[in-house]
Number of protein chains: 2
Amino acid sequence: MSNEKRSDVLRVGLLGFGTVGSAFAEVLAAHGDAGVRITRVFNRGVERKRGHALAKFVPADAVWTERVEDVLEAADVDAVVELMGGLDPAENWLRAALSAGKHVVTANKQLIAYRGAELFALAESKGVHLLYGAAVAGGVPVIPGIAQGLSGDVITRISGIVNGTCNFILSSMESGAAYGEVLKQAQAAGYAEADPSADVDGFDARAKLCVLARLALHAEIDPEQVPAQTIATISAMDFAYAKELGCTVRQVARVELAARAELMDGVVSASVGPMLVPKTSPIAWSHGTQNMVVTSGRFGGDVVFSGHGAGGHPTAVAVMSDVRAIAEGSVQVRLPAKKMAVVGDVVAPHYLRFVVADRPGIVAAIAGALAKVGANIDSILQHRGFGGDRLPFVVTTEPSLSSKLEEAMAEMAAFDFMLEPPLCLQILVVDDRDTD
Amino acid sequence: MSNEKRSDVLRVGLLGFGTVGSAFAEVLAAHGDAGVRITRVFNRGVERKRGHALAKFVPADAVWTERVEDVLEAADVDAVVELMGGLDPAENWLRAALSAGKHVVTANKQLIAYRGAELFALAESKGVHLLYGAAVAGGVPVIPGIAQGLSGDVITRISGIVNGTCNFILSSMESGAAYGEVLKQAQAAGYAEADPSADVDGFDARAKLCVLARLALHAEIDPEQVPAQTIATISAMDFAYAKELGCTVRQVARVELAARAELMDGVVSASVGPMLVPKTSPIAWSHGTQNMVVTSGRFGGDVVFSGHGAGGHPTAVAVMSDVRAIAEGSVQVRLPAKKMAVVGDVVAPHYLRFVVADRPGIVAAIAGALAKVGANIDSILQHRGFGGDRLPFVVTTEPSLSSKLEEAMAEMAAFDFMLEPPLCLQILVVDDRDTD
């Protein structure tokens, strides 16, 4: 980790010349004399890739190869930039690169979320850098902002929107589009995969949340332990009711240190899923594919980062920033993490939405099920314009333990008047604490 | 700039134990083993300061002194943290500290804005760090976020709210308060000085803008060359008209690289002053003393940073983050700057507000003056409820060169029906360019 590279050129071996890789070549070329040079590019189908419109930004003397060893073992590569994604084979490749004493810059959130601890330890033992600023929120400098600019605070909570696809879908639904339609539109525009599960079911956001938890809360958590709720059950009526409650619906990822006495030290509360977000919260302001992350610090209060979370060029900006930091010999502030368990449970007001066949006694039945778990009803809302044979209505609760509500929801789902599985969403509470 | 300090303790000499200095001691204590220790504290009236509620967070064996040399020349000080503010005597003190081979962390925006170039050169020649993350937007990591996280982009514009006092005043006026009242309230709360000129006339924001221009646009500009317009001429009627136009009023600081062919390379466009800000712009979302900075990058598009810009603890977080970076041997990415000239002129739609004694021919006279400078009228607005003896009305223009409009305003100010000096505000255009 010495700064011997400051006056030399940092030689980069690029793994992947797709959307981000080609944009990285363009961004690097725009920086001219930044002391960084691409010497090798690995990709399948190299001949086709060399014909890419942005291939002209790769130096003419760079080696293009279909053998990854030609990059990982090359003497003329100081830093490997990995833009392939996925755990396998990226993990083994990056282990090989780090073991060979090469710096690594990656945009791979899965790898950092699932294998971060081992990879950081390997990098440290080899005296090289492993930077991953592009792994969360693409072009928004949340990771370097936290690492270099908020290391002086004690961050207790992170919440935000880290999946642009879900934000595109939900903000389009807020403007009146139907879920199925807008998903198709997102797929056509390249925002969503053919199998949208990783995005809409929260697995992508969950990995990113774990990356942020390690950095900001110093909590090493297992992504599989973070409960993820799909956005696929959200429909137009939920936006109508949310609006009546001064809210909108967003996929929110949140993690916080347990502040309550009954939870032990070494436990974080975390979840990913659709939530009712008050219009007064910055999280409600994100539209389209924007990302937004809010950190809450004991001393500095809330800090908001937002911008373009994805796309080739914004992601390439994050990669390029990391590469420059390595070229200049910059050291990321160490924020050591310890293993922590995850509870999904949270005390919060909740939004419960039911679609029922109207008949007397429904409210009494629902109120009874909620009373049984100790949940107090805050309001009951019912929109006009629906026939009694298929009546949607909404109950909001006072702050209640989510696991207790889930018990009640399971009981209520079995009621014979219930036409659809009832929906339970947390309502985000806005409480930016004033600092002096 | 080696990382020899990583395993040792960084010994800090603190200049100033006021609101920020005492908060820094508390924040540092909360970090326990961060490898940083206060060894010396300089302040006037040391005996009184030692009785400060937060003085308990200073290690018992630290030396308290009223002689600044006891810090600047001390062998047991590796880094000087300056929290006094102002150019004199801070400049000479920090020169002495840097010359003695000590790192410097400062929250002093004036010093960085006016003397940054020389001080950075001195620090580089001595192989020490000069960090200033607290100089702009306090607890919001705009400076480290740009330096470490956006160095990979080519930033072409910065705009935002960097003076919390003005934002408090204007956002309170938006909710109905009168300028004079809310200024008094801000003074009572400690947000505004007895002489509010540095804040309301834009001089504070101007210095911060120059700090950001050097970092993000690599433009070394003279703060005195940046036109600053006071917010003291804004009144309730402006908020009413702004609302009708889908806007609010905020003190906006903006600087951008000249993109227009008729302006030479080496010129930036910059200004500070009240502007009409569309409600759809993130800049309109800041309330109270919040700060918000929007960077616009050629590759990454717009990135928004916001949070608590001032106050002891948020500012101390920024200082502590810089101190930790030095303790860990981190190097800030070098973003060399070159001297540039400033033009205040900008092509933008404008808001012109007049208070007149009503009589026939007023609109014709005003329209004539505007036509003479080639400015096209976009709309004419007039609220009901005012008598003809003191009639406010508003003209908005299509995009026009501000210097031409000022010519027209000078002519119109002399019209005999004009009861107050007319007001001319730029209307901010929201144009977050889509990236791929």
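Since the model is a prediction, treat every value here as computed from it, not as a measurement.

1. Side note on the domain arrangement of chain A
All names here are of chain A.
Link 1 in the chain: We note that the domain assignment places domain 1 (10–131), domain 2 (142–308) and domain 3 (347–426) within chain A.
Link 2 in the chain: Each of domain 2 and domain 3 has a C-alpha centre, and these two points are 25 Å apart.
Link 3 in the chain: Residue-level contacts link 17 residues of domain 2 with 18 residues of domain 3.
Link 4 in the chain: Carbon and sulfur atoms supply 62% of the area that domain 2 and domain 3 bury against each other, a total of about 1,400 Å² over both sides.
Link 5 in the chain: Here domain 2 is connected to domain 3 by one salt bridge.
Link 6 in the chain: The partner of Arg353 in a salt bridge is Asp238, and the shortest N-O contact between them spans 2.7 Å.
Link 7 in the chain: Across the domain 2-domain 3 interface, the total number found is six residue pairs in polar contact (both at pLDDT 80 or more).
Link 8 in the chain: Of all the elements in the fold, those that place two or more residues in the side of domain 2 that touches domain 3 are α11 (236–244), β9 (247–257) and β10 (267–278).
Link 9 in the chain: Per-element accounting of the side of domain 2 that touches domain 3 gives the leading share, five residues, to α11.
Link 10 in the chain: Looking at the side of domain 2 that touches domain 3 residue by residue, the class counts come to nine nonpolar, four polar and four charged.

2. A few points about the relation of the copies chain B and chain A
Link 1 in the chain: At an RMSD of 0.0 Å, chain B and chain A line up after a rotation of 180° and a shift of 0.0 Å along the axis. Within this description, the copies of the chain are treated as partners about a two-fold rotation axis.
Link 2 in the chain: By residue overlap, the copies meet face to face through one surface: 100% of the interface positions of chain B are interface positions in chain A.

3. A short note on the confidence of the model for chain A
Link 1 in the chain: Per-residue pLDDT for chain A averages 91, and the proportion of residues at 70 or more is 94%.
Link 2 in the chain: The ipTM, which scores confidence in the relative placement of chains, is 0.93 for this predicted complex, and the corresponding pTM is 0.93.

4. Description of the environment of Thr396 of chain B
Residue and element names in this part refer to chain B.
Link 1 in the chain: Summarising the element assignment, Thr396 is placed in strand β18 (residues 391–397).
Link 2 in the chain: Classification of Thr396 by relative accessible area gives buried; the value is 3%.
Link 3 in the chain: Thr396 sits 128 residues away from Val268 along the chain, and the two C-alpha atoms are 26 Å apart.
Link 4 in the chain: Those residues in contact with Thr396 that lie beyond four places of it in its chain are Leu245, His350, Asn376, Ile377, Asp378, Ser379 and Ile427.
Link 5 in the chain: At 2.5 Å, the side chain of Thr396 forms a polar contact with the side chain of Ser379.

5. Some remarks on the state of the cysteines
All names here are of chain A.
Link 1 in the chain: For the coordinates displayed, the defined rule picks out zero disulfides over all chains.
Link 2 in the chain: With no disulfide partner, Cys166 has as its closest neighbouring cysteine sulfur the one in Cys210, 16 Å distant.
Link 3 in the chain: The structure places no disulfide on Cys247, whose sulfur is separated from the nearest cysteine sulfur, that of Cys424, by 14 Å.

Reading the values: rules and limits
Residues numbered from 1 in each chain as written. Chains lettered and ligands numbered in written order. Predicted model: local features only at pLDDT ≥ 70, side-chain atom pairs only at ≥ 80, totals over all residues. Heavy atoms only, no water. Domains from an automatic or database assignment. Contact = heavy atoms within 4.5 Å. Buried area = accessible area lost by both parts, 1.4 Å probe. Salt bridge = Lys/Arg side-chain N within 4 Å of Asp/Glu carboxyl O. Polar contact = N/O pair within 3.5 Å; in protein donor to acceptor, adjacent residues only side chain to side chain. Helix = DSSP H or I, 4+ residues; strand = E, 2+ residues; numbered from the N terminus. Nonpolar A, V, L, I, M, F, W, Y, C, P; charged D, E, K, R; others polar. Least-squares fit on C-alpha atoms with pLDDT ≥ 70 in both. pLDDT = per-residue confidence, 0-100. Buried < 20%, exposed > 50% of the residue type's maximum accessible area, 1.4 Å probe, protein only. Disulfide = S-S within 2.5 Å.

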